[in-house]
Amino acid sequence: MTALRRGAWSAENHQRLEAMLRQPVDPAAPPIAAIDCDDTLLCRDTSYATLRYVESHPDLPLRAAGQALRAQYDAALVAHGRRVAYPLIPRFFAHEDASKVDALAAAWIDTFFARGEIFLRPELVDLVGWMHRAGWTVTVVSASPRFLIVPVARRLGIDASNVLAMDLGRDAEGRYTETLVEPVPMLEGKAEAVLSHYGRPATFATGDSRSDAAMMAAAAHALLIHGHDDALRADAEQAGWWVQSGWPHSPAEAGLGAHP
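Draft legend 1. Focus on the overall build of the protein. Across its full length, the protein holds 11 helices and 10 strands. Taking 2.2 N^0.38 as the reference for a compact globule, 260 residues should give roughly 18 Å; the C-alpha atoms of the protein span a radius of gyration of 18 Å, in line with that estimate. Here the C-alpha coordinates of the protein stretch approximately 50 × 40 × 35 Å along the principal axes. In the protein, once contacts between residues fewer than 6 apart in sequence are set aside, the share between residues at least 24 apart is 63%. Surface summary for the protein: the accessible area is close to 11,000 Å², and the carbon and sulfur share equals 52%.

Shown next, in the form of structure tokens:
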């Protein structure tokens, strides 16, 4: 095996990841890597970029166009925490034609990348590539809407079947409903989503927030991309997880101190 790119990995984490990738792989039950998207696989957040875009483009053929979406989301986050706020984002697009939203979202993601509003972390791109070549199953597990995460995952050769993200049901006319598809991949639901989809927990899991903690706790190897949650970092170190610090990160979400 050619060496994993060092990049901005700490020396200790680079050695740990290389050792993990050298382990034999059983093709009948390949190891699973469960990777959060926003501020883990990516730097910055697909959902925030989308809220800004939709509210600043009132000409879009969407009911939510031009509305103050971020203010609604932030108010819910402060008042109720992630459990209430995160599902709001896909529900802003409920009752829209799902194929239309999916196509628009793919174009938005291309725009966000072109503008530099979001970008893939090169270290994670390299890691995913080595995992694919070594025979791992790589899944992206995200509390952002699935229609945003699938176009990101495809840039790394990850098929839509290996994207576990916040999704809405569809009605008989092909419109998104307000009903979330279970298990909902946020907080403890991320671990449940991996177990439900693959029949076993991840071998390796990485994320940056408390929404990823249950998924990381269930994995054989856990890596926290530390941003600004120092309490989570302390918990990670106590649990023996690997911790990567010093990478660019989105600003802290307001009001989460009182909520999970």
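Draft legend 2. Inspection of unusual backbone geometry at higher detail. Here the amide bond leading from Glu-182 into Pro-183 is cis, since omega sits at -10°, within 30 degrees of zero. Structurally, Pro-183 is set in the loop between strand E7 (176–180) and helix H9 (188–198). Phi at His-95 is positive, roughly 75°, even though this residue is not glycine. Structurally, the position occupied by His-95 is in the loop between helix H5 (82–91) and helix H6 (98–115).

Draft legend 3. Seen up close, the layout of surface pockets. Within this model, the largest pocket holds a volume of roughly 510 Å³. If you trace the largest pocket, you find 30 residues lining it, with Arg-82, Tyr-86, Asp-208, Ser-209 and Glu-253 closest to the centre. Those elements giving two or more residues to the lining of the largest pocket turn out to be helix H2 (37–41), helix H3 (46–55), H5 and strand E4 (137–145). The biggest single contributor to the lining of the largest pocket is E4, with four residues.

Draft legend 4. Quick look at the nonpolar core. Ranked by size, the top nonpolar core spans 68 residues in total, and within it Trp-108, Leu-127, Met-131 and Phe-204 carry the most contacts. Here this core takes eight residues from H6, the largest share from any one element. Beyond its immediate chain neighbours, meaning those up to four positions away, Trp-108 contacts Thr-50, Tyr-53, Val-54, Leu-60, Leu-62, Phe-93 and Leu-148. Grouped together as the second largest cluster of nonpolar side chains are 19 residues, Ile-32, Met-216, Leu-232 and Val-243 included.

Rules and cut-offs
Residues numbered from 1 in each chain as written. Predicted model: local features only at pLDDT ≥ 70, side-chain atom pairs only at ≥ 80, totals over all residues. Heavy atoms only, no water. Helix = DSSP H or I, 4+ residues; strand = E, 2+ residues; numbered from the N terminus. Rg over C-alpha atoms; globule rule 2.2 N^0.38 Å. Contact = heavy atoms within 4.5 Å. Areas by Shrake-Rupley, 256 points an atom, 1.4 Å probe, with all protein chains shown as cover. 1 Å grid on protein atoms, 1.4 Å probe; cavity = no way out; pocket = protein on both sides within 12 Å on 5 of 7 lines; lining within 4 Å. Points joined across faces, edges and corners; volume = space filled by probe spheres on them. Core = buried A, V, L, I, M, F, W, Y, C linked by side-chain atoms within 4.5 Å. Buried < 20%, exposed > 50% of the residue type's maximum accessible area, 1.4 Å probe, protein only.

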